[in-house]
Amino acid sequence: MLLTPAELEALRGRLIVSAQAYPGEPMRTPTTMAQVAASAVIGGAAAIRVQGIADVQFTRSAVEVPVIGLWKDGHEGVFITPTARHALAVAHAGAHIVALDGTRRARPDGLSLQQTIELVHAESHALVMADCGSLEDALNAAEAGADLVGTTLAGYSGERPKTEGPDLELLAAIAAAGLSVPLVAEGRIHTPAQARAALDAGAFAVVVGTAITHPATITGWFDAALR
Ligand SMILES: CC(=O)N[C@H](C=O)[C@@H](O)[C@H](O)[C@H](O)COP(=O)(O)O
């Protein structure tokens, strides 16, 4: 799906909400995630991030805002939209932006990040968000043609510590590198103050998932505080 430069620019300084339920969870139903996404839009989300082909399709029908789609396959190594096949499926399901593993690790299909991005651009109108885990990833991904870079994999790819909240140090370092593409803060942003801090550290936009859309985790935070 085509996202115009003006529509991308409209996300500057805004909140993007990620709605994902994990395998085996009660809410892991595309219609449910689309309803959660639509609720987030009412609250002010300027874009939505969802996982899975059906979730992308249902969410596209449920909201007017841009949809970032991904397809998780597995849960370790390169698992966020790991191959060109996954990426094209997400694009063809209607995602305006395809989020994919943007690290420098080897990909399961043997293609480079650049080749994968080129294929998405050649065979769809979707933009590509590279989910990165370090400054080096972000520099490499921008060079490889990514349209946006995110800090999604900071703390999950082995290059950065898993900080308690967002990895603001990494955000600031990527921002200071002056990439030519938007920098999206994502990962462990659990409070409005942390979202604000991510923008202040130089993010273009901020993705919040768990703290808005994962009731089991949020409930656990409250439960833990009472014990
Ligand atoms: C590392 C990984 O698999 N991240 C996934 C990427 O889509 C999701 O599980 C996260 O919920 C998402 O990045 C938002 O982050 P948080 O839920 O921390 O606000």
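Chains are numbered independently. Their residues run from 1 in the order of the written sequence. Totals for whole chains, interfaces and linings use every residue, but because this is a predicted model, local features are given only for residues with pLDDT of at least 70 and side-chain atom pairs only at 80 or more, for both listing and counting. Side-chain numbers come from the whole structure's heavy atoms, not from hydrogens or water.

Topic: the pairing of strand β3 (residues 67–70)
Each regular strand shows side chains that alternate between the opposite faces of the sheet. Each residue's exposure class comes from its accessible area (1.4 Å probe, protein chains only) as a fraction of the maximum for that residue type: buried when under 20%, exposed when over 50%, partly exposed otherwise. Every helix listed is a DSSP run of H or I at least four residues long, and every strand listed is a run of E at least two residues long, numbered separately from the N terminus. Here β3 shows no split at all, with V67 and G69 on one side and I68 and L70 on the other all buried. Paired strands, as defined in this entry, are two strands with at least two bridges between them according to DSSP. Here strand β2 (residues 47–51) runs beside β3; their pairing, made up of 4 bridges, is parallel. The residue of β3 that forms the bridge with V50 is G69. For the segment spanning β2, helix α3 (residues 53–62) and β3, crossover handedness is right-handed. Relative to strand β4 (residues 97–101), β3 runs parallel, the two sharing 2 bridges. Across the sheet, the residue bridging to I68 is I97, located in β4. The crossover handedness rule: strands pointing away from the viewer, path from first strand over the helix to second strand clockwise, crossover right-handed.

Some words on the nonpolar core
Definition used in this section: a nonpolar core is a set of buried Ala, Val, Leu, Ile, Met, Phe, Trp, Tyr and Cys residues joined via side-chain atoms within 4.5 Å. Counting residues in hydrophobic clusters, the biggest one holds 48 residues, and the most contacted among them are I48, V98 and V149. Top contributing element to this core by residue count: helix α2 (residues 30–43), with 4 residues. Any two residues whose heavy atoms approach within 4.5 Å at even a single point are treated as in contact. Excluding anything up to four places from it in sequence, I48 contacts I16, V17, A37, A40, V41, T59, V65, P66, V67 and I68. In terms of nonpolar packing, the next biggest core, distinct from the first, is built from 20 residues, L3, L148, V184 and A205 among them.

Here we look at the environment of V181
Residue position: V181 is located in the loop between α7 (168–176) and β7 (183–186). On the accessibility criterion, V181 (16% relative accessible area) is buried.

Focus on the site of the ligand
By convention in this text, a residue qualifies as near a molecule or strand provided that one of its non-hydrogen atoms is within 4 Å of it. Neighbouring the ligand are 15 residues; Y22, K72, E186, R188 and T210 lie closest to it. Here an oxygen atom of the ligand and a side-chain polar atom of K72 are 2.8 Å apart. Within the backbone of R188, a nitrogen or oxygen atom sits 2.7 Å from an oxygen atom of the ligand. Calculation on the ligand without its partners gives an accessible area of 450 Å², and the protein chains cover 91% of this total. Classes in brief: Ala, Val, Leu, Ile, Met, Phe, Trp, Tyr, Cys and Pro nonpolar; Asp, Glu, Lys and Arg charged; the others, Gly included, polar. Its residues assigned to classes, the shell around the ligand shows 6 nonpolar, 5 polar and 4 charged. Identification of polar contacts relies on pairs of N or O atoms within 3.5 Å, with a donor-acceptor requirement for protein atoms, meaning one able to donate a hydrogen and the other able to accept it, and with residues adjacent in sequence counted only if both atoms are side-chain atoms. Methods summary: accessible areas were calculated by the Shrake-Rupley approach with a probe of 1.4 Å, and residue burial reflects only the protein chains presented.

Some remarks on the sheet that holds strand β6 (residues 148–150)
With parallel pairing, the 8 strands of this closed barrel are ordered in space as β1-β2-β3-β4-β5-β6-β7-β8. Adjacent strand axes in the sheet meet at a mean angle of 25° when their direction is disregarded. The pairing of β6 with β7 spans 2 bridges and is classified as parallel. Each bridged residue has a counterpart across the sheet, and for V149 the counterpart in β7 is L183. On top of the sheet, α3 reaches β2 and β3; it is set at about 155° to β2, its chief contact. With axes taken as lines fitted to C-alpha atoms, and helix axes fitted only over the stretch in contact, angles between N-to-C directions fall between 0 and 180 degrees.

Considering the environment of G209
For G209, the location among the structural elements is in the loop between β8 (205–208) and α9 (210–213). A residue is classified by how much of its surface remains accessible, and G209, at 18% relative accessible area, is buried. For G209, the contacting residues outside a window of four places in its chain are S18 and H214.

Some points on unusual backbone geometry
Of note in the backbone geometry, T81 takes a positive phi value of approximately 45° without being a glycine. Given a relative accessible area of 0%, T81 falls into the buried group. One non-glycine residue, R188, lies in positive phi territory at about 60°. Among the secondary structure elements, R188 is positioned in the loop between β7 and α8 (192–200). When its relative accessible area of 10% is taken as the criterion, R188 is described as buried.

Focus: the environment of S112
Residue placement: S112 occurs in the loop between β4 and α5 (113–123). The sequence separation of S112 and A144 amounts to 32 residues, and the corresponding C-alpha distance is 8.9 Å.

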